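Residues per chain are reported as follows:
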Number of protein chains: 2
Amino acid sequence: MPERERRWNGWGVAGERLSVPDAARAFLTERLGSGDPLPAVPEAEVKLPAPRPLPPLPLPAATDDASRLRHACGSSLPDLIALRTGTVAAYPDAVCAPDTPEQVVELLCAAAAGGVTVIPRGGGTSVTGGVTVSAVDRPVVVLSLERLRGIVALDRGSQLARVRAGTLGPELEAALAPHGLRLGHEPQSFEFSSVGGWVATRSAGQRSTGVGKVDDLVAGLEVATETGLWRLAAQPASAAGPELRRLLIGSEGRLGVITEATLRLRPLPECEDGLAVLLPGWAAGVDVCRALLQNGVPVETMRLADPEETRFGMTLVALSPLAARASRMLFSRRRYRSGCLLLLGWAGTTQGMTLAEQTAARHWRAAGGFAVGRAGWRRWRADRFRHPYLRDELLTAGWGVDTLETAAPWSGLEAVYGGVREALQRAAASLGTRVVVGCHLSHAYRDGASLYFTFLWPLARGREVAQWGALKGAANDALLAAGGTLSHHHGVGTIHAPYLEREVGRTGVAALAALAHALDPAGVLNPGVLLLRTTDHGPRTTGGGEG
Amino acid sequence: MPERERRWNGWGVAGERLSVPDAARAFLTERLGSGDPLPAVPEAEVKLPAPRPLPPLPLPAATDDASRLRHACGSSLPDLIALRTGTVAAYPDAVCAPDTPEQVVELLCAAAAGGVTVIPRGGGTSVTGGVTVSAVDRPVVVLSLERLRGIVALDRGSQLARVRAGTLGPELEAALAPHGLRLGHEPQSFEFSSVGGWVATRSAGQRSTGVGKVDDLVAGLEVATETGLWRLAAQPASAAGPELRRLLIGSEGRLGVITEATLRLRPLPECEDGLAVLLPGWAAGVDVCRALLQNGVPVETMRLADPEETRFGMTLVALSPLAARASRMLFSRRRYRSGCLLLLGWAGTTQGMTLAEQTAARHWRAAGGFAVGRAGWRRWRADRFRHPYLRDELLTAGWGVDTLETAAPWSGLEAVYGGVREALQRAAASLGTRVVVGCHLSHAYRDGASLYFTFLWPLARGREVAQWGALKGAANDALLAAGGTLSHHHGVGTIHAPYLEREVGRTGVAALAALAHALDPAGVLNPGVLLLRTTDHGPRTTGGGEG
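Rules used in this analysis
- Residues numbered from 1 in each chain as written.
- Chains lettered and ligands numbered in written order.
- Predicted model: local features only at pLDDT ≥ 70, side-chain atom pairs only at ≥ 80, totals over all residues.
- Helix = DSSP H or I, 4+ residues; strand = E, 2+ residues; numbered from the N terminus.
- Rg over C-alpha atoms; globule rule 2.2 N^0.38 Å.
- Buried ≥ 20, exposed ≤ 12 C-beta atoms within 10 Å, placed from the backbone.
- Contact = placed C-beta atoms within 7 Å.
- Domains from an automatic or database assignment.
- Nonpolar A, V, L, I, M, F, W, Y, C, P; charged D, E, K, R; others polar.
- Least-squares fit on C-alpha atoms with pLDDT ≥ 70 in both.
- Pairing = 2+ DSSP bridges.
- Axes fitted to C-alpha atoms, helices over the stretch in contact; angles between N-to-C directions.
- Parallel < 35°, antiparallel > 145°, perpendicular 65-115°, else oblique.
- Left-handed = near helix turned anticlockwise from the far one by under 90°.
- Expected span 1.5 Å × (residues − 1).

Let us now look at the overall build of chain A. Looking only at helices and strands, chain A has 18 helices and 17 strands in total. Here the C-alpha atoms of chain A give a radius of gyration of 23 Å, agreeing with the 24 Å that 2.2 N^0.38 yields for 547 residues. By its C-alpha atoms, chain A is 70 × 55 × 55 Å across when sized along the principal axes. By residue count, 56% of the 547 residues in chain A fall in the buried class. Expressed as a percentage of contacts within chain A between residues at least 6 apart in sequence, the contacts between residues at least 24 apart total 77%.

Here it is, written out as structure tokens:
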């Protein structure tokens, strides 16, 4: 598959974009006013410091400016702002791309011996600072896994594939499809993110309600550490001590470099479809989602937008004049004034899908909902990987946008929903500005669900990162206070690291630190990611998880 | 629920037994010859050493002989032999039963300060030496969780229950049923094992194909360590770093004492039933099981016996003369000479069950199988918790019996099946004796399944443990060599600890040791369980998981 050139200072590939429709501009202008457009400096204007000298490395190391610039940041909003404004805080001194897992071990050994910091990098789509180079007083090498690609072995009988960590989503599914198999893990970053990145950050795909999170899809792992390749062979289940695979899933490059994962596959579905359902409100929609899960109705994709996101979402799709009129009429009816769109997708046999849809219909009808057809579903499905392009265009238009996600038991979901929205509104008021907060529920379980918030505000030139920090911090505090988890599928990175102790307690952080020390005694890997650097620890209030 | 007195030197409760039918005696005599009956010494003849002096403890400590004897062993075969022959190697010096999680912390602190070893104990049904007191040069206190019982809180909307660790199976389900809920976790030890024990050992119940292993049922945990109570609140899913709950699941009392688990429940099924299917052979049966899983046919219980276990199983049920004659005729037909019985159980709605059974029938018919009715299923279900009583009677009759279990991907299952059977036969020949090996597949996944072996041999007086050790060791070596996991649901304990490194590698053992040191720096908890004691490490060949 020919690779298209990634954009160095924005989402995705060069040439691809998603412009902001007039209706969306009007909506945002009405709700937020206009902000200061964020210009993007041309690459030629970005001045990099000279790379620091490196000890001997066992691999070729790229030290040219273009490579260093393209491996300095991930895809968080602060990353994007830094890239667009030419204010990147730190660059790697070199980029290495091993061809084999053994070379990864060699690089780690050389780094340990030579006092080098190593930042493992898959697709570079982290939105939590997981691959962002930070200023450290040692040389920094980015270890790109881009050459560790492809399927190592396919076990069709067990529906398992050993896949190299650098393999990207489309490449993997394309290699599996001729065998009648699929993984079905489709995060929004699917086109650009890698198997290793998914595993390292505990990602979830849009089909997670059907196929599970990546946590559930990993049967075996190979991880490079300074002492060699550590292989945990594929097992369907085990009681041979604590599940060490689960310890490496979500380890974010702190405990080793994931070089290969054995993934659980499933047959390609006979057919696949979905529909959109309109529900009279958020609470009714959440209840339908819960009922579907707790009654075991087999849904593959489930996505419930709250009233705000439903409205904003409508401004993003180009409706025919007729459809636009029908939609205006519908939402003007008292019953659907706070209407919420629920997208439901199925994959499987025709018979199974029909049955599941019929069962689901009983639940949405009981909640006052009705199906509004398959077109909305199909459009969402066609565009679902393109939405991140909008962020770049919104910045250009003067509006900041970021997302955050959490999860909680069903009984706590309303408190998290209300708490985060209120905290964002309050934080915006403190900043003397306004914010639009949309939310969707997009990964559901028998015992709870994930909430995914999108917030937008008018940018103030020079204060973009401060605005973002105040909003993001307020939301994090609120979701933790309401019992939500720090992240459902974006990971911890550097951005969430200061909050981790509030969720897992002092003991949890101490356990992780002990593991990091045991597996990376030289402290080579990803400083500040997942766990704060020792120097980052201040006299913060602690004790979250402890009694 | 009134508690019935547990037998001090055998399975279950006093007064309950399951005698060996004449047909089974005849089968074993023909296949194994007769062995030396293992007598059981009366309790009055067991002489305990005086308890060692203890430092001050924050709780009452029972030091009477009866308590110490009843808390010295688990339920492994060596445990049972030691109890019956009055040759228990070590006794605890005291037994403490805290009333609160806080008291567990206090006890651990006092133990750390006073140089005491603590062995946490739930129902005491470990078959891997997980609760067996071993000879150490420090005083030993068994920490019984029997008083930490009951449901702390029920969240009906999220179908979650916070349950104290000492709660036993029947007690839990009885408390949930009035709310229309169930856990559905039913290991063979269900009546006597505890929630904390299930979590600590990664147990699996007979409904695991439908409800999952206990690993999947834990949403939150509370664990006592020397630094306090560590609480990981219930979450449906998370990406807040590696899943620390999974680190504690399977920690076998080495990383802390599990005091509470938040468990994922499901609604009580409308109805429940199953049937027995006869398949022409083992390979055909395995293929049917695999097809059911990989095609998503919703089975709750699945249990395929191999030809040997099918035959031996028939000798254990009292068939009517007519049924016995029909069964003899059936198995004498060439096609079913190596016939295998498959039990399939469903729970849910009548409609769902009917559909699932029809779908399953297509698979078993395609493999040459046919349904032999519901009676066999119902009988198995009625008796399913009683089978362990047979072990005591077999020992009395002169035959040793033990079980071991593993799991592997479907593609590796045949190698494990053949390897373990062959190793046991070879080991028996080396001992100059014979062995009967039965096997069933009873926990299945999309990517693989568990195999559960039962082996019987004629006992030689005074050499019972040596015979067992030779057979068990050969089987362990064989299953690891063939790519099976050391245990699918019995855990590691002391019996499997020497093999763990072959599965998880030096790095895996080092990671666990670092964790144990971080969470239990005084080394109070369960020495020799999960991880070998430092003094146990010899110059063994290593490197299993490492490359």
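Here we take up the domain arrangement of chain A. Residues and elements named next belong to chain A. Annotation of chain A at the domain level lists domain 1 (49-144), domain 2 (151-267), domain 3 (271-383) and domain 4 (497-536). Look at where the C-alpha atoms of domain 1 and domain 2 centre, and you get two points 24 Å apart. Contacts between domain 1 and domain 2 engage 13 residues on the former and 21 residues on the latter. Counting residues per element, the side of domain 1 that touches domain 2 draws most heavily on helix α4 (residues 101-114), which supplies six residues. Residues that form the side of domain 1 that touches domain 2 fall into these classes: eight nonpolar, five polar and no charged.

It takes a turn of 180° to lay chain A on chain B, together with a shift of 0.0 Å along the axis; the resulting RMSD is 0.0 Å. Read as a symmetry element, the transformation amounts to a two-fold axis. Most of the interface of chain A is mirrored in chain B, where 100% of its interface residues again form contacts.

Take the sheet that holds strand β8 (residues 228-232) of chain A next. Residues and elements named next belong to chain A. Read from one edge to the other, the open sheet built from five strands follows the order β4-β5-β9-β7-β8, with strand pairing classed as antiparallel. At either end of the open sheet lies a strand with only one pairing partner, and these are β4 (151-155) and β8. Adjacent strand axes in the sheet meet at a mean angle of 10° when their direction is disregarded. As defined by bridge partners, strand β7 (residues 218-225) adjoins strand β9 (residues 257-264) across six bridges and the pair is classed as antiparallel. Bridged to Ala224 within β9 is Val257.

Sheet strands pair via backbone hydrogen bonds, and the direction of the pair is either parallel or antiparallel. Residues and elements named next belong to chain B. Strand order in the open sheet made by the five strands is β4-β5-β9-β7-β8, with antiparallel pairing throughout. Every interior strand has two partners, whereas the edge strands, β4 (151-155) and β8 (228-232), have only one. Across the sheet, the mean angle separating the axes of adjacent strands is 10° when strand polarity is ignored. Sheet topology places strand β5 (residues 160-164) next to strand β9 (residues 257-264); five bridges connect them, and they run antiparallel. Within β9, the residue paired with Arg164 across the bridge is Glu260.

A separate point is the packing of helix α16 (residues 410-430) of chain A against helix α17 (residues 464-481) of chain A. All names here are of chain A. Two elements in contact, α16 and α17, have axes separated by 8 Å at closest approach and are oriented at 150°. It follows that α16 is roughly antiparallel to α17 by the angle criterion. Two packed elements cross with a definite hand, and for α16 against α17 that hand is right-handed. Here Val416, Gly419, Val420, Ala423, Leu424, Arg426, Ala427, Ala428 and Ser430 of α16 lie close against α17, whose contacting residues are Ala470, Leu471, Ala474, Ala475, Asp477, Ala478, Leu479 and Ala481. Class assignment for the residues of the contact of α16 with α17 results in 13 nonpolar, two polar and two charged.

This part is about helix α4 (residues 101-114) of chain B. Helix length check: α4 of chain B (14 residues) gives 20 Å between terminal C-alpha atoms against 20 Å at 1.5 Å per residue, within 8%. The first or second residue beyond α4 of chain B is Gly115 of chain B, which carries a positive phi of 70°.

This paragraph deals with the interface of chain A and chain B. A common way to express how large an interface is: the accessible area buried when the components associate. Counting residues at the interface gives 76 residues for chain A and 76 residues for chain B. Going through the elements one at a time, β7, β8, α9 (244-248), β10 (266-267), β15 (399-409), α16, β17 (448-458) and α18 (500-519) of chain A are the ones with two or more residues in the side of chain A that touches chain B. When grouped by side-chain class, the residues that make up the side of chain A that touches chain B number 34 nonpolar, 29 polar and 13 charged.

Residue and element names in this part refer to chain B. For strand β3 (residues 140-144), the tally of buried residues reaches five of five residues, placing the bulk of the element in the interior. Residues of β3 alternate between two faces, with Val140, Val142 and Ser144 on one and Val141 and Leu143 on the opposite face, all of them buried. Relative to β3, strand β1 (residues 94-96) runs parallel, the two being bridged by three bridges. Bridged to Cys96 within β3 is Leu143. Bridge count between strand β2 (residues 117-121) and β3: five bridges; the pairing is parallel. Across the sheet, the residue bridging to Arg121 is Ser144, located in β3.

Residues and elements named next belong to chain A. With 18 residues, α17 extends 26 Å from end C-alpha to end C-alpha; this agrees with the ideal 26 Å at 1.5 Å per step. Listed in full, the buried residues belonging to α17 are Glu464, Gln467, Trp468, Leu471, Lys472, Ala474, Ala475, Asn476, Ala478 and Leu479. Buried residues belonging to α17 abut α3 (77-85), β15, α16 and β17. Directly after α17, the chain includes Gly483, whose backbone phi takes a positive value near 95°.

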